[in-house]
Amino acid sequence: SFLDPKGRGGSTGYDNAVALPAAADADELAKENTKDTTALKGSIVFSVAKANNSTGEIAGVFESIQPSDTDLGSKAPKDVKVTGLWYGQLKK
């Protein structure tokens, strides 16, 4: 299971995110201590820019919009836009 820098994880690690365990049950820390590992939805679009039938090479660009990290549910995600180039070679 993944452990964040605070030592919390979905199934292992500490059950709170504070250095003083006596304060772990404080209401203002409930959001920090409640772990949420739910996968969030994003989207991606691939566009083909070039294709070469003789070599099987294909290339293009992509654009992805995906949610950022939520610190195991304690923060609201922000939309992250990632763009780039992709390449592939197809074989029979």
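Predicted model, so just to flag it, every value in this text is computed and none were measured. (Residues numbered from 1 in each chain as written. Predicted model: local features only at pLDDT ≥ 70, side-chain atom pairs only at ≥ 80, totals over all residues. Heavy atoms only, no water.)

*Asks:* Just give me the short version of the pattern of salt bridges, but keep the residues and values in it.
*Replies:* All chains considered together, the criterion is met by 1 salt bridge. Across the salt bridge formed by K81 and E63, the nearest N and O atoms sit 3.5 Å from each other. With a gap of 18 residues between them, K81 in strand β3 (residues 79-89) and E63 in strand β2 (residues 57-67) connect regions that are remote in the sequence. Using a relative accessible area of 56% as the deciding quantity, one classes K81 as exposed. Judged by its relative accessible area of 34%, E63 falls in the partly exposed class. (Salt bridge = Lys/Arg side-chain N within 4 Å of Asp/Glu carboxyl O. Helix = DSSP H or I, 4+ residues; strand = E, 2+ residues; numbered from the N terminus. Buried < 20%, exposed > 50% of the residue type's maximum accessible area, 1.4 Å probe, protein only.)

*Asks:* Before we move on, could you go through the packing of aromatic side chains and cite the residues and values that matter?
*Replies:* Evaluated as defined, the whole model comprises 2 aromatic pairs. For the pair F46 and F62, a centre-to-centre distance of 6.1 Å together with 40° between the ring planes defines the contact as tilted. Taken together, the positions of F46 in strand β1 (residues 43-52) and F62 in strand β2 put the pair 16 residues apart, joining distant regions of the chain. Between F46 and W86, the ring centres sit 6.0 Å apart and the planes meet at 85°, which makes this aromatic pair edge-to-face. Residue F46 is found in strand β1, and its partner W86 is found in strand β3; the two are separated by 40 residues along the sequence. On the basis of relative accessibility, which here comes to 21%, the residue W86 falls in the partly exposed class. An aromatic cluster of at least three residues, connected via ring pairs, comprises F46, F62 and W86. (Phe/Tyr/Trp six-rings, centres within 6.5 Å; stacked < 30°, edge-to-face > 60°.)

*Asks:* Quick rundown of the pairing of β1? Include the residues and the values.
*Replies:* Successive residues of a regular strand alternate their side chains across the two faces of the sheet. Burial of β1 is sparse: only 0 of the 10 residues sit out of reach of the surface. Judged from the 9 bridges that link them, β1 and β2 form a sheet pairing that is antiparallel. Following the sheet pairing, F46 is matched in β2 by F62. Two successive antiparallel strands, β1 and β2, enclose a turn made up of 4 residues, where G56 displays a positive phi of approximately 80°. (Pairing = 2+ DSSP bridges.)

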